[in-house]
Amino acid sequence: MSYSAATEPNGQPILQMRGITKAFPGILANSDVDFELKKGEIHCLLGENGAGKSTLMKILYGLYKQDKGEILYKGRPLVVSGPADTLKKGIGMVHQHFMLIKPLTVAENLVLGNEPVKAGFLIDQKRAKAELLEISHNFGLAIDPDARILDISVGMQQRVEILKALHRGAEVLILDEPTAVLTPQETKELFVIMRKLIADGKSIIFISHKLKEVLEISDRVTVINHGRIIGSVETSKTTASQLANMMVGREVELVVQKSKAKPGKEAFRVENLTAENDRGLPALRGVSFDVKEGEILGICGVDGNGQTELVQCITGMRKLASGKVTLNGKDITNLPPRKCYEAGIVHVPEDRQKHGLVLDFTVAENMVLQNFNKKPFSSGINLKWDVIKSHARKLISEFDVRTPDEDTAAGSLSGGNQQKAILARELSRTPSLIIVAQPTRGLDVGAIEYIHRKLVAERDAGKAVLLVSLELDEIMALSDRIAVMYEGRIMGIMPIEEATEEKLGLMMAGSVPQASKGVM
Amino acid sequence: MKKQRTGIDWGGLAKSRPFWLGVILLALASVFSFNFIRGNGGEMFSYLVIDFFSTGIFMATPLILASIGAVFSERSGVVNIGMEGMMLIGAFFGVMVSHFTGNAWLGVLGGMAAGGLTAAIHAYVCISHHANQTVSGVAINIFATALTGFLLKSVFHRAGQTDRVAKLANWILPDFIRDIPVIGDILGSNTPPVYLALLLVIVAQVVLFYTPLGLRIRACGEHPEAADTVGINVTGTRYFCVILSGVLAGLGGVTLSLGQLSLFKEGMTDGRGFIAIAAMIFGKWTPVGAFLASLFFGLATGFKFISQSWNMTSIPTDFLMMLPYILTMLALAGFVGRLTPPASSGLPYRRRGSA
Amino acid sequence: MADKGKNSALKELIVPLTAVLIGIVLGGVLMALTGVNPFEGYKALILGCFGKLEYVSETIVYTTPLIFTGLAIAVGFRCGLFNIGVEGQYIMGLIGASIVGAMDLGLPTVIHLPLTMLSGMAFGAIWASVPGFLKARFGIHEVVNSIMMNYVALYLSHYLVNGPIKDPAITSPYSREILSTAKLWRFFGEGSPIRVNMGIVIAIAAAFLVYYLLFKTTIGYQIRAVGFNPEAARYGGISVQTNIVAAMFISGAIAGLAGSVQVMGIQFKFLDLFAFQGYGFDGIAIALVGKSHPLGVLPAALLFGILQRGSQTMQMLAGVPKETIGIMQGVIILIVAAEGVVKGWLPVRRILGTDRRPAAKEVGKA
């Protein structure tokens, strides 16, 4: 499904980056990069996490300074003193992590730095609102000026980000992974907005690692890999596998090979879970599902629909208001984390650096995070360092964790190795239920492949696996059954054979598809 | 900030702990007043009230000044535990300048400048070198105590306290205010910093919530990266706010030394800088809130003097001395969970990847 | 521990060493400003500390409480807590030991001595648990609360020593002298001006005990985990709240022990305090310079003990105000806190070898 652009790009480059090189300690983020944006086109910059896309754009945007190379904007060299300067010159960025001040209103965020003034020193709130309404009307992006950022939805917040850039007269817009936080339907809305902006004469750089979207919306694609440009192609003339190939440099298995599941008896069940989130609003509104031995149940959904709270509740990190959690027949509702682990749960958390590891501890110390106070790692209150270290060494070699030794600080490992270390620790505790949340976030293809294979292996060994992920592709590649979460409820559960992206997408956005109701 | 609705939110008021605290205190005060009037008569009672509130407002003034300074500092994202030290330095330099120039107002300026300079050190270490802000603040306090003792010896050749110096004369308000019963007597004649503090509350509240500067300060404290991307100079804003907090703390210190006592005594701030920080937290990081909290603590501090001179209770002096500190702890403990500082407060801001 | 090798040890030490060096230079400058020859000033300091056996003993006597307070604050730091309340917990330790040490219950030394010591520790521990509990349960910053507790402790002690625990036989505000069964052995006898006693041995033993606790026990593991990353600790099943209170409790106990040892080895009673003695605040500098490591605290405490003791003789012999030391201290803490200042300084970069930009490598993935 590929749409062609609403207007033809007129062929003149509005932006040129030549020979850009940028190095950080230990990493060459951009190496002799050439990139060109034509006026009126949607040009996608495609690459995996860590490929160098963000760095390149941050250089363009003025947040970083390149070591070598030049940038030409409208034919003239671009010299900027910082992001605000770039914005004044007409290049605006919509960041992946929004640059919005949460307690302030939409109008206040819009005029920040450029506030209309009355009586010489007071902010003119009325004018600020009027400016916002005018610009939102011009571009068809409806928004409530008095709403506080922390009260509005993520999709709305993104609109504010876009409006901020437009308000300051941006002609070139850089969108950094904008669909990471949107439902498929909101993504479609975003694409409509993008085409309208093109029709208004803007040019857009669209950063992504999602092949399907790239093929759908862009006019041209430039692939970046390990800091180098692999090539630029016209979207209409390329395919997903060609792009994937360029992204990784080798034939990529887009779907992990796995045999059909042989599920056994029920291992884990949750019934009617309700819970609140940090702001006191309902996050879980009656969630029920089960996971059988030897299967992978994948829970998909857009970020913020209760998945985080669900995992927290079943691992003892958040209190359930009501409902029951059973593991192998034993009631583990609202037990603290330690007791959950003792009952047989292992958990690879979604934020590996915040929850999964103590970065200042050594790898060895991290390997006993849950059972440092149990035999054989300690006796009484005394730690047995020799046992702890040999255990760590074993796990390091078994799971191919690349680290100089077990006494290195966990913080100096790469993301993929950190995740492998966590996985090693969790799987070594002989679990009954393996919970993995966003297991491959921010990892490169090699690490992703490894982790996916390991999860399937655990399934084949008869373990029950609960996979929670924001990446629909990952869910569809790994799961035997899929559950969709929306606004704290399970919209439906279906076996993989019945799942299509369209069905899942609709459920992720709150509508139950007409065709099948799925297994509850 | 939340849009205020017109009318009184009765439901919210009933749930608010400061409200009930106020009710309890009011009830106790009424019972006490009633007994007192019965025993000593109405006129004596009015003298008591005047004395209590005058002392209270005077005691509160250094807290008001320092806590509003702390509000600005923390709103911009920098924690300033060094207020105690800045107040002490302000108190000392105020006396020193007054001593050498014979002019108390120059002393005031001297104290403010000294406080600002000290804050500049804190700002430099924390903002430009990303030091742990709490540690830096504590270092400043230690440094200030030692420095003032050192200068006391080397400049005044005294230990413990200085001689008397020229102090600030009270400002006297026009007759039409002073003629108001009770309130006129309380407000009519006070040392100038009292009036400056009251004015500051209004100015600070307007600036922080209704001007572009205030908006930018709050942006820096909540999400400095976002502020940076729209062109706000985060570093400059933070320097400004920290130095301002030092200037105000210095003024607060001067209030103590030149406002009434006309001399400097070692350790005369006595923890007030920390109480000011508690007042800032209690006041939810707003100037008006900090003002009300400072007033509360000021009255508590004043209470111990009043009860001594009026012979009101047989509670030993030492326990009365403890009162402000215990109340501070109770106040902080009573406001559980609803105290959220600016999101980036205490975190250094580094623009990633530059240079 | 994390990095190995000589180079990393140097990296760890360079900041505190530089800070102390700058402090000493600054002290010299201050002396010069007051008209004193810095070399004379520092000579007075060295003489005052090492000139006679008695002076060496006094230096040790000054160092002993500093070891304890440094350890106390270091333990707090390891759990991410800033226990400024050591000053007040120390006072409570003094009180506790003076009360129990003076109780005439006919107890033999082997019971009375440890009991007295434990009393001081208990008083300190309980005093520290209040801000600890308020932080764990309500999230209130321990700094402000601890400081408040310091003032309450000061006034409380003032009240007690002028009232309930005052020695009726004398007019000065002192408590009763403790019994001989509660006194620590003075190496040179009670009558001698050489006051060095078992306290220093207890202090050094405490440092090793704390080292063992932090790095070789499950308790230490938990405390450090909470200090580094409370979220991950929670995830791992460690109770953050319990450990915050535990760390404060232990920290307060050590601070209380400082008080116990001071009473049992030196003062033999509680003397009315009109202001804070400053051992707690010194402890902050010591913990920072010692990088919150128990074995680093020992040399740091000795350094500050020398400075404190020396400041007396510097004032007497060379006319240098003893506050000079306090100024040096403040500056040292500031410099250690702002590591960047030291690490960015060219001479330091050369020493560490961080002057050259590291060669950019290819991105290599797992």
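Refer to the structure printed above.
Quantities reported herein were computed from a predicted structural model and do not represent experimental measurements.

## Some thoughts on the overall build of chain A
- Across its full length, chain A holds 17 helices and 24 strands.
- Relative to the 2.2 N^0.38 estimate, which gives 24 Å for 520 residues, the radius of gyration of chain A is 25 Å and therefore close to what a compact globule would have.
- Counting only C-alpha atoms, chain A reaches 70 × 50 × 45 Å along its principal axes.
- Considering chain A as a whole, with its 520 residues, one finds that 56% of them fall into the buried category.

## Here's the deal with the overall build of chain C
- Across its full length, chain C holds 15 helices and 0 strands.
- What you see for chain C is a C-alpha radius of gyration of 22 Å, in line with the 21 Å of a compact globule of 366 residues.
- Referenced to the eigenvectors of the C-alpha coordinate spread, the extents of chain C come out at roughly 80 × 60 × 35 Å.
- Looking at chain C alone, contacts between residues at least 24 apart form 76% of all its contacts between residues at least 6 apart.
- As displayed, chain C offers around 14500 Å² of accessible surface, 67% of which is attributable to carbon and sulfur atoms.

## Observations concerning the sheet that holds strand β10 (residues 203–208) of chain A
Residues and elements named next belong to chain A.
- With respect to topology, 6 strands assemble into an open sheet ordered β6-β9-β10-β3-β11-β12, the strand pairing being mixed. Two strands lie at the open edges of the sheet, namely β6 (91–94) and β12 (228–234), each paired on one side alone. Neighbour-to-neighbour, the strand axes of the sheet open up by a mean angle of 20 degrees, direction not taken into account.
- Where β6 lies against strand β9 (residues 172–176), 4 bridges are found, and the strand directions are parallel. Each bridged residue has a counterpart across the sheet, and for Gly92 the counterpart in β9 is Leu173.
- Packed onto the sheet, helix α1 (residues 53–61) meets β3 (42–46), β6, β9, β10 and β11 (220–225) and runs at close to 140 degrees relative to β6.
- Lying over the sheet, helix α5 (residues 154–167) contacts β6 and β9, oriented at roughly 170 degrees with respect to β6.

## Concerning the sheet that holds strand β21 (residues 433–437) of chain A
All names here are of chain A.
- Strand order in the open sheet made by the 6 strands is β18-β21-β22-β15-β23-β24, with mixed pairing throughout. Looking at which strands have only one partner, the edges of the open sheet turn out to be β18 (345–348) and β24 (489–495). Sheet twist, expressed as the average angle between the axes of neighbouring strands with direction ignored, equals 15 degrees.
- Pairing of strand β15 (residues 296–300) with strand β22 (residues 464–469), which is carried by 5 bridges, proceeds in the parallel orientation. Each residue of the ladder has a partner; that of Cys300, found in β22, is Ser469.
- Docked against the sheet, helix α15 (residues 445–460) engages β15, β21 and β22, running at close to 135 degrees with respect to β15.

## Examining the interface of chain B and chain C
- On the chain C side, the residues contacting the 39 residues of chain B number 40 residues.
- Both faces considered, chain B and chain C share a buried interface measuring about 3500 Å² in area, 83% of it formed by carbon and sulfur atoms.
- Interface area lost by chain B to chain C is led by Ile142(B), Phe150(B) and Met329(B), which between them contribute 18%.
- Inspection of the region where chain B meets chain C yields 1 salt bridge.
- For Lys153(B), the salt bridge identified is with Glu323(C), shortest N-O distance 3.0 Å.
- Scanning the region where chain B abuts chain C turns up 3 residue pairs in polar contact (both at pLDDT 80 or more).
- Put simply, the parts of the chain that give the side of chain B that touches chain C at least two residues each are α5 (104–128), α6 (133–156), α13 (272–282) and α15 (317–333) of chain B.
- With 13 residues, α6(B) is the single largest residue contributor to the side of chain B that touches chain C.

## What to know about unusual backbone geometry
- For the peptide bond that leads from Lys375(A) to Pro376(A), omega is -5 degrees, which places it in the cis range.
- Looking at where Pro376(A) falls in the secondary structure, it is placed in the loop between α12 (363–367) and β19 (378–379).
- One non-glycine residue, Lys284(B), adopts positive backbone phi at about 55 degrees.
- When you line up the elements, Lys284(B) lands in the loop between α13 and α14 (287–309).
- Using a relative accessible area of 42% as the deciding quantity, one classes Lys284(B) as partly exposed.

## Notes on the environment of Glu350(A)
All names here are of chain A.
- Considering the arrangement of structural elements, one finds Glu350 in the loop between β18 and α11 (352–356).
- Taking the C-alpha atoms as reference points, Glu350 and Gly301, separated by 49 residues in sequence, lie 14 Å from one another.
- Apart from residues no more than four positions distant in its own chain, Glu350 is found in contact with Thr308, Ala437, Gln438 and Arg441.
- Side chain to side chain, Glu350 and Thr308 meet in a polar contact 3.3 Å long.

## As for the side chain of Gln158(A)
All names here are of chain A.
- Among the structural elements, Gln158 can be located in helix α5.
- According to the relative accessible area criterion, Gln158 is buried, its value standing at 4%.
- The residues contacting Gln158, other than those within four sequence positions of it, are Val94, Phe98, Pro178, Leu182 and Leu190.

## Observations concerning the environment of Leu200(B)
Residues and elements named next belong to chain B.
- Within the secondary structure, Leu200 sits in helix α9 (residues 192–210).
- Under the relative-accessibility criterion, Leu200 is labelled buried at 18%.
- It is 8.3 Å that separates the C-alpha atoms of Leu200 and Ile68, two residues lying 132 residues apart in sequence.
- Excluding anything up to four places from it in sequence, Leu200 contacts Leu65, Ile68 and Leu248.

## Description of helix α4 (residues 86–101) of chain C
- Compared with the 22 Å implied by 1.5 Å per residue over 16 residues, the 21 Å span of α4(C) between its first and last C-alpha is a close match.
- Where burial is concerned, most of α4(C) is hidden: 15 out of the 16 residues are buried.

Calculation rules
- Residues numbered from 1 in each chain as written.
- Chains lettered and ligands numbered in written order.
- Predicted model: local features only at pLDDT ≥ 70, side-chain atom pairs only at ≥ 80, totals over all residues.
- Heavy atoms only, no water.
- Helix = DSSP H or I, 4+ residues; strand = E, 2+ residues; numbered from the N terminus.
- Rg over C-alpha atoms; globule rule 2.2 N^0.38 Å.
- Buried < 20%, exposed > 50% of the residue type's maximum accessible area, 1.4 Å probe, protein only.
- Contact = heavy atoms within 4.5 Å.
- Areas by Shrake-Rupley, 256 points an atom, 1.4 Å probe, with all protein chains shown as cover.
- Pairing = 2+ DSSP bridges.
- Axes fitted to C-alpha atoms, helices over the stretch in contact; angles between N-to-C directions.
- Buried area = accessible area lost by both parts, 1.4 Å probe.
- Salt bridge = Lys/Arg side-chain N within 4 Å of Asp/Glu carboxyl O.
- Polar contact = N/O pair within 3.5 Å; in protein donor to acceptor, adjacent residues only side chain to side chain.
- Expected span 1.5 Å × (residues − 1).

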